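Secondary and tertiary structure notes
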Amino acid sequence: MSSDVVDDGDLRARADAALLVGLQHALGAELIDTDDPTAGVRFPVRGLAVTPAGTLHAGALNAVIELAGYLAVAPTLGPGEHAVTHAISTQFVRAAPRDVWVLVYGELVKRGRGVAFVTATAVLSDSPSTVIATSQVTKSVIVAPIGNGAG
């Protein structure tokens, strides 16, 4: 692990870049706390995120879980480092209905030189004790590509 971790400005730049990824943007993902990108992400169950049954699409949720996982790791990334998902395992506990907001929190469990482990939890915004999914995300820490996108 790099001894130089990101400063607040770099963390915010990484978060902004991650939120501009086309899929995240299309899903309407946004930071829960604009002053703290590590606080989690929220998004509405509408548009691309809705199944024909009128519930949250698992793929949409996994995309936002990956984003929350990245934001949990981002403060530990040094200059020239980037984190990409190489494994994700999600347990979907219950369906989220159309038009609710979902909050996704990522918690960094361990960061090594080349890998980071994150636990993520998704809950309903209007009922934060209602867990809709839990996930284990493994991120590989790599040399950042030119144009350092995020995800």
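Description of the structure in this document.

Cut-off values and rules
Residues numbered from 1 in each chain as written. Predicted model: local features only at pLDDT ≥ 70, side-chain atom pairs only at ≥ 80, totals over all residues. Heavy atoms only, no water. Pairing = 2+ DSSP bridges. Helix = DSSP H or I, 4+ residues; strand = E, 2+ residues; numbered from the N terminus. Contact = heavy atoms within 4.5 Å. Axes fitted to C-alpha atoms, helices over the stretch in contact; angles between N-to-C directions. Phe/Tyr/Trp six-rings, centres within 6.5 Å; stacked < 30°, edge-to-face > 60°. Lys NZ or Arg CZ within 6 Å of the ring centre and 35° of its normal. Expected span 1.5 Å × (residues − 1). Buried < 20%, exposed > 50% of the residue type's maximum accessible area, 1.4 Å probe, protein only. Parallel < 35°, antiparallel > 145°, perpendicular 65-115°, else oblique. Nonpolar A, V, L, I, M, F, W, Y, C, P; charged D, E, K, R; others polar. Core = buried A, V, L, I, M, F, W, Y, C linked by side-chain atoms within 4.5 Å. Arc of directions from axis to C-beta. Salt bridge = Lys/Arg side-chain N within 4 Å of Asp/Glu carboxyl O.

1. Regarding the sheet that holds strand 6 (residues 127-143)
The strand order across the open sheet formed by 6 strands is 1-2-4-5-6-3, and the pairing between neighbours is antiparallel. Each having just a single partner strand, strand 1 (30-31) and strand 3 (81-92) make up the two edges of the open sheet. The sheet strands contacting helix 3 (residues 58-73) are strand 1, strand 2 (41-44), strand 3, strand 4 (101-111), strand 5 (115-124) and strand 6, and the helix crosses strand 3 at an angle near 135°.

2. A word on the packing of aromatic side chains
Two measures describe an aromatic ring pair: the distance that separates the ring centres and the angle between the ring planes. Tallied over the full model, the rule gives 0 aromatic pairs. Looking at R42, its charged tip hangs above the ring of W101, at a distance of 3.9 Å from the centre.

3. Brief notes about helix 3
The terminal C-alpha atoms of helix 3, which comprises 16 residues, lie 23 Å apart, in line with the 22 Å expected from a rise of 1.5 Å per residue. Burial analysis of helix 3 places 12 of its 16 residues in the buried class, which makes it a mostly covered element. Every buried residue of helix 3 is listed here: A60, L61, A63, V64, I65, L67, A68, G69, Y70, L71, A72 and V73.

4. Digging into the packing of helix 1 (residues 8-19) against helix 3
Here helix 1 crosses helix 3 at 170°, and the two axes come no closer than 10 Å. One way to sum up the angle between helix 1 and helix 3 is to call them roughly antiparallel. Facing helix 1, whose interface residues are R14, A15, A18 and L19, helix 3 presents L67, Y70 and L71. Each residue belonging to the contact of helix 1 with helix 3 can be placed in one class, and the counts come to 6 nonpolar, no polar and 1 charged.

5. What to know about unusual backbone geometry
A positive phi is found at D99, a non-glycine position, where the angle reads about 75°. Tracing the sequence through the fold places D99 in the loop between strand 3 and strand 4. For D99, a relative accessible area of 58% gives the class exposed.

6. Side note on the nonpolar core
Formed by 40 residues in total, the largest nonpolar core has its most connected members in F43, L56, L61, A96, V102, V104 and I132. Elements that contribute at least two residues to this core include exactly helix 1, strand 2, helix 3, strand 4, strand 5 and strand 6. Ranked by residue count, the leading element in this core is helix 3, at 11 residues. Not counting the four nearest positions on each side in its chain, F43 is found in contact with L27, G28, A29, A49, L56, A60, L61, V64, V100, W101, V102 and V104.

7. Considering the environment of Y105
As for its position among the elements, Y105 is in strand 4. Y105 has contacts with I32, A39, G40, A68, T119, A120, T121 and V123, leaving out every residue within four places of it along the chain.

8. Quick notes on the side chain of T51
When you line up the elements, T51 lands in the loop between strand 2 and helix 3. Beyond its immediate stretch of four places on either side in the chain, T51 contacts L56, H57 and R98.

9. Quick look at helix 1
The first and last C-alpha atoms of helix 1 sit 16 Å apart over 12 residues, in line with the 16 Å expected at 1.5 Å per residue. Inspection of helix 1 places L11, R14, A15, A18 and L19 among the buried residues, and these make up the whole buried set. Buried residues of helix 1, viewed axially, fall in a sector of 135°; they line one side. Buried residues in helix 1 make contact with helix 2 (22-27), strand 1, helix 3 and strand 3.

10. A few points about the pattern of salt bridges
This model, assessed by the stated rule, comprises 4 salt bridges. Salt-bridge contacts for R14 lead to D10; the nearest nitrogen and oxygen are separated by 3.2 Å. One end of the pair is R14 and the other is D10, both in helix 1 and 4 residues apart, which spans about a single turn. One salt bridge in this structure joins R12 and D16, with 2.8 Å as the shortest N-O distance. Taken together, the positions of R12 and D16, both in helix 1 and 4 residues apart, correspond to about one turn of that helix. For R12, a relative accessible area of 28% translates into the label partly exposed. Exposure remark for D16: the relative accessible area of 31% places this residue in the partly exposed category.

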